[in-house]
Amino acid sequence: MSRDSTSDPTGLHRVLDDAMVLPQAAQRLDTTAELWPDEVRVRVAMLNLDAASFRQLEGKHAHDGDKVRAEVLDIVSTRGKMHNPVTGSGGMLVGTVEEVGPESTLGLKVGDRVATLVSLTLTPLVIEDELTQWDGRSEQVPCDGYAVLFGRSIAAVIPDDLDPALSLSVMDVCGAPALTARVVADYVEPTVAVIGGGGKSGSLSLAAARQAGAGRLIGVVPHAREAELLTGAGLADEVVIADARDPIALRDAVAKAGGPADVTVVCVDVPGCEGGAILATAERGTVIFFSMATSFSAAALGAEGLAADVRMVVGNGYVPGHAAYAMELLRGNAGVRGLFEGRL
């Protein structure tokens, strides 16, 4: 397709599949550097792999960083994007804008340091340094290459007062606290349980729930060390240890901490947590699934089989103003910031 032809703001013009599908569903994307008029090209400095994707790759290769790196390179070169074929997830990136098409509406200019707020599963990506600076052992991947943003992509300029790695960590999960705040605000002083409360999205969700009017906050973590960190951060009224994959243990742990919860937020990156989250939630309550490891068929059928009258919400990673809100939480909450900085 000629660059003089009309592009589609969804990026449909970059899809190389024979079938008519959107970029996220495509098997391969066109990654040529030349832009259509409404596109933006970013010089990539770092990728942030989705937690579920990185965990799957790490497990598959028995924590062998060289093999993890090789598979990431193979996925990107084969598909033209970072789209894990097992988890279906990707991540996001940080870089510097190097060219802006004349019809772009993203409000970016050459030289802006940005974090993309759309998934790598739909972002044309070329890696040019073979990831030589990455040991394959962390979600954050130093990288030299380029990526292309479409007319309907989203990117945020990185604040000058924060470490870029810190900004990347926050923006990677910024949809979770914004959606949590929206749901919690629909209740009057609800009990909120965050499964995976010590993680990035979980800690931000706890802070957001508090700010939105939660009456009681329960943080669920998998082991004692994480319980110690979350307790020290002061984000939850009660911190409990439970395996989120054990539905009865999770239900009972939340109940003993003051549940069932009116709102349950699932932020863990392992499969099999659907049943426990449903059981931990009160009738007419809401479960927010904010994990790419979630099986939505298991959630739907599980709720039906348990005769559970709960609303289930899929966190899609986008709420208007989500990046600015997450940064506000980070700056204004020492507990959140401490947990994030401790992970860098």
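Right above here is the structure, for reference.
Residues numbered from 1 in each chain as written. Predicted model: local features only at pLDDT ≥ 70, side-chain atom pairs only at ≥ 80, totals over all residues. Heavy atoms only, no water.

Novice: Can you lay out the overall build of the protein for me, pointing to particular residues and giving the numbers?
Specialist: Along the backbone of the protein there are 11 helices and 12 strands. In terms of overall size, the protein behaves like a compact globule, its C-alpha atoms giving a radius of gyration of 20 Å where 344 residues would be expected to give roughly 20 Å. C-alpha atoms of the protein, sized along the principal axes, occupy 60 × 45 × 40 Å. Counting all 344 residues of the protein, 56% fall into the buried class. Per element, the accessible surface of the protein, about 14400 Å² overall, is 51% carbon and sulfur. (Helix = DSSP H or I, 4+ residues; strand = E, 2+ residues; numbered from the N terminus. Rg over C-alpha atoms; globule rule 2.2 N^0.38 Å. Buried < 20%, exposed > 50% of the residue type's maximum accessible area, 1.4 Å probe, protein only. Areas by Shrake-Rupley, 256 points an atom, 1.4 Å probe, with all protein chains shown as cover.)

Novice: Lay out the nonpolar core in plain terms, naming residues and giving numbers.
Specialist: Soluble globular proteins: nonpolar side chains tend toward being buried together. Counting 49 residues, the largest nonpolar core has V192, L330 and F340 as its most contacted members. Look past the residues within four positions of L330 in its chain and what remains in contact with it is L162, L166, V170, V336, R337 and F340. Counting 28 residues, the second largest nonpolar core, distinct from the first, contains V97, L125, I127 and W134. (Core = buried A, V, L, I, M, F, W, Y, C linked by side-chain atoms within 4.5 Å. Contact = heavy atoms within 4.5 Å.)

Novice: So what about unusual backbone geometry? Which residues, and what values?
Specialist: The omega torsion of the bond from G259 to P260 falls at 10 degrees, within 30 degrees of zero and hence cis. Position of P260 among the secondary structure elements: in the loop between α7 (247-256) and β10 (261-266). Positive phi, normally seen in glycine, also occurs at H63, with a value near 65 degrees. Tracing the backbone through its elements, the reader meets H63 in the loop between α1 (51-60) and α2 (65-79). For H63, a relative accessible area of 48% puts it in the partly exposed group.

Novice: Which residues make up the environment of Q56, and what are the values?
Specialist: By secondary structure assignment, the location of Q56 is in helix α1. Ignoring any residue separated from it by four or fewer positions in sequence, one finds Q56 in contact with N84, V86 and T87.

Novice: Residue-level account of the sheet that holds strand β1 (residues 40-49), with values.
Specialist: Spatially, 6 strands are ordered β4-β5-β1-β2-β3-β6 in an open sheet, and the strand pairing comes out antiparallel. The strands lining the two open edges of the sheet, one partner per strand, are β4 (125-127) and β6 (155-157). Taken pair by pair, the neighbouring strands of this sheet meet at an average axis angle of 35 degrees, ignoring direction. Sheet topology places β1 next to strand β2 (residues 91-100); 9 bridges connect them, and they run antiparallel. When the sheet's bridge partners are listed, R41 is paired in β2 with E99. Of the strands in this sheet, β1, β2, β3 (113-116), β5 (140-149) and β6 touch helix α3 (residues 164-171), which is tilted by about 115 degrees from β2. (Pairing = 2+ DSSP bridges. Axes fitted to C-alpha atoms, helices over the stretch in contact; angles between N-to-C directions.)

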